[in-house]
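# A closer look at the structure
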Amino acid sequence: MDLILWRHAEAEDLDETDEGGGDDLSRRLTPKGEKQAARMAAWLDRQLPEGTRIWSSPAVRTEQTVLALGRRYRVRHELAPDGTPQWLLDVVQWPDARHPALVVGHQPTLGRVVAGLLGIESGECSIRKGAVWWLRRRERHQGWQTVLLCVQSPELL
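Structural notes, computed from the coordinates. (Residues numbered from 1 in each chain as written. Predicted model: local features only at pLDDT ≥ 70, side-chain atom pairs only at ≥ 80, totals over all residues. Heavy atoms only, no water.)

A separate point is the pairing of strand 4 (residues 101–105). Within strand 4, five of the five residues are buried, which leaves the element mostly enclosed by the surrounding structure. By the alternation rule, side chains of strand 4 split into Ala101, Val103 and Gly105 and Leu102 and Val104, which are all buried. Bridge count between strand 2 (residues 53–56) and strand 4: four bridges; the pairing is parallel. In the sheet register, serine 56 faces strand 4, and the bridge partner there is valine 104. (Buried < 20%, exposed > 50% of the residue type's maximum accessible area, 1.4 Å probe, protein only. Helix = DSSP H or I, 4+ residues; strand = E, 2+ residues; numbered from the N terminus. Pairing = 2+ DSSP bridges.)

This is the structure we're talking about:
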């Protein structure tokens, strides 16, 4: 199974001067973030395997990021900024799904998923805004392993 993790592109800062303390879910992409999303979406469109299932956090910035791809996607509340790595893995049915999965989400959850699947002891991995990390679970020598296939950043496209 392939698991593709895409961190939302650059977004506006949280305006904590609002009376409600700011609404994190309504933060929008900046003009730079829109460009990052478009560059990464063009690259992903050429790379994604047929049948890839796409999920997004309900945050505006993640939906704006995934909309650049121009493909159907589903919003899942489990992928919101307060989601857990296990919730993300449950949504995509890792490692048992028969189709590749693309998740557009947030730090630190995405980095914690990567760290957990790759056995990084600190439990944390930094993922840049707009970047994609592509993981694959495969059978090797009568055992299962997760390998990192690719890390791509919009700055390198």
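Before going further, it helps to examine helix 3 (residues 85–92). Taken together, the buried positions of helix 3 are occupied by Leu88, Leu89, Val91 and Val92. Relative to the axis of helix 3, the buried residues are bounded by an arc of 155° and lie together on one face. Buried residues along helix 3 sit against strand 1 (2–7), strand 2, strand 4 and helix 4 (109–118). With its phi angle positive at about 60°, glutamine 93 sits one or two positions after the end of helix 3. (Arc of directions from axis to C-beta. Contact = heavy atoms within 4.5 Å.)

Moving on, we get to the packing of aromatic side chains. Tallying each qualifying case throughout the model produces one aromatic pair. Centre to centre, the rings of tryptophan 43 and tryptophan 134 are 6.5 Å apart; their planes meet at 90°, and the pair counts as edge-to-face. Of this pair, tryptophan 43 sits in helix 1 (residues 31–47) while tryptophan 134 is found in strand 5 (residues 132–140), placing the two residues 91 residues apart along the sequence. No difference in accessibility class separates tryptophan 43 from tryptophan 134, as the two residues are buried. (Phe/Tyr/Trp six-rings, centres within 6.5 Å; stacked < 30°, edge-to-face > 60°.)

Our focus in this paragraph is the nonpolar core. Leu3, Leu5, Leu88, Val92 and Val103 are the most contacted members of the largest nonpolar core, which has 23 residues in total. Where this core is concerned, the elements lending two or more residues are strand 1, helix 3, strand 4, helix 4 and strand 5. Tallying contributions element by element places helix 4 first for this core, with five residues. Not counting residues within four places of it along the chain, the set of residues in contact with valine 103 comprises Leu3, Ile4, Leu5, Trp6, Trp55, Leu79, Leu88, Val92 and Leu110. Counting 14 residues, the second largest nonpolar core, distinct from the first, contains Ile4, Trp6, Trp43 and Leu102. (Core = buried A, V, L, I, M, F, W, Y, C linked by side-chain atoms within 4.5 Å.)

These figures come from the coordinates and say nothing about function on their own.
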